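Next come the chains, spelled out residue by residue.
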Amino acid sequence: MAHLLHLDSSLRSEGSRSRRLSAHYAKLWSAAHPDGTVTYRDLAVDPIPHLDEAGFTAAFTPEADRTPEQNDSFKVSTELIDELVAADTVVVGLPLYNFSVPSTFKAWFDRIVSERTLGRLTETKLVVVTARGGGYGPGTPREGWDHREPWLRHAVSNLGITDVTFVDAELTLARESPQMIPLDLGAAEDQSFAAALAAIEELLAA
Ligand SMILES: Cc1cc2nc3c(=O)[nH]c(=O)nc-3n(C[C@H](O)[C@H](O)[C@H](O)COP(=O)(O)O)c2cc1C
């Protein structure tokens, strides 16, 4: 049975573009897979505790020898890994924070890298729907400053995931940031968001 893992990581509950995009994907995915099941995890509302020494060393310690701290931390990682391994598609709502991914997403990622996932997720499809305040397109002064995509593509290739699609909505601060408001980029923001919604629809129509 088809299974979707749906992750969000925007710190905003109101106005988040990445949440709107991931919800759009999940809705269309569910319509396309009437018997499919979905696991939803909100990494901002319920942050994953950082991988700690107990959790890291637990992976290399025989179960019978683990301390209670190792067991507790390992249990957190195991639940996340179970959710990931069960999914054939993963959709992630991923804002750009300081030119990289939200730390809540990185905390999740550090826990799902394990001998159960490294090189093993060759059948998993990853769709990353993103939002960023500025413009980073070809020829713009900040082209190449968005480090999410190159990092994540490398990081998941280590897990065997090669079916990766990014859908970006940008200029989301056009009407919010005092520096950007005078640039009058509202129409370009709307165009970018509409294109992102359309790209998601195309992915699920395919
Ligand atoms: C902590 C933080 C850091 C941010 N850093 C950047 C940045 O480096 N570049 C950028 O273009 N926008 C940046 N933004 C703006 C967000 O990328 C933008 O508001 C985006 O729409 C957030 O996703 P959301 O709409 O899903 O909440 C930042 C916002 C926050 C809250």
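About the thresholds
Residues numbered from 1 in each chain as written. Predicted model: local features only at pLDDT ≥ 70, side-chain atom pairs only at ≥ 80, totals over all residues. Heavy atoms only, no water. UniProt positions renumbered as here; feature names shortened; annotations may be inferred. Phe/Tyr/Trp six-rings, centres within 6.5 Å; stacked < 30°, edge-to-face > 60°. Lys NZ or Arg CZ within 6 Å of the ring centre and 35° of its normal. Patch = residues over 30% accessible without salt bridge, like charges linked within 9 Å, V, L, I, M, F, W, Y side chains within 5 Å. Areas by Shrake-Rupley, 256 points an atom, 1.4 Å probe, with all protein chains shown as cover. Salt bridge = Lys/Arg side-chain N within 4 Å of Asp/Glu carboxyl O. Helix = DSSP H or I, 4+ residues; strand = E, 2+ residues; numbered from the N terminus. Buried < 20%, exposed > 50% of the residue type's maximum accessible area, 1.4 Å probe, protein only. Near = heavy atom within 4 Å. Polar contact = N/O pair within 3.5 Å; in protein donor to acceptor, adjacent residues only side chain to side chain. Nonpolar A, V, L, I, M, F, W, Y, C, P; charged D, E, K, R; others polar.

With an unreviewed UniProt entry as reference, the chain is termed FMN dependent NADH:quinone oxidoreductase, source organism Sporichthya brevicatena. Annotation of the chain in UniProt includes, under Subunit (unreviewed entry), the sentence "Homodimer." Here the chain is described in UniProt, under the heading Sequence similarities (unreviewed entry), as follows: "Belongs to the azoreductase type 1 family."

A short note on the packing of aromatic side chains
For the structure shown, the criterion picks out seven aromatic pairs. Members of the aromatic cluster, connected to one another through ring pairs, are Phe105, Trp108, Phe109 and Trp151. The cationic tip of Arg66 hangs over the ring face of Phe74; the distance from NZ or CZ to the ring centre is 4.1 Å.

Examining a nonpolar patch on the surface
A cluster of nonpolar residues, Leu51, Phe56 and Phe60, forms a patch on the protein surface that exposes about 320 Å² of accessible area. In this fold, Phe56 is placed in helix α2 (residues 53-58).

A word on the pattern of salt bridges
Here the structure, examined in full by the defined rule, presents 15 salt bridges. Across the pair Arg19 and Asp8 runs a salt bridge whose closest N-O atoms are separated by 3.8 Å. Highlighted residues: Arg19 in helix α1 (residues 17-32) and Asp8 in strand β1 (residues 3-8), separated in sequence by 11 residues. In this structure, Arg19 and Asp8 share a single accessibility class: buried.

What to know about the site of the ligand
Around the ligand, 18 residues are found, and the nearest of them are Ser10, Ser16, Ser18, Tyr136 and Thr172. Interatomic distance of 2.8 Å between a backbone N/O atom of Arg17 and an oxygen atom of the ligand. Ser18 places a polar side-chain atom, nitrogen or oxygen, 2.5 Å from an oxygen atom of the ligand. For the shell around the ligand, the per-class residue count stands at eight nonpolar, seven polar and three charged.

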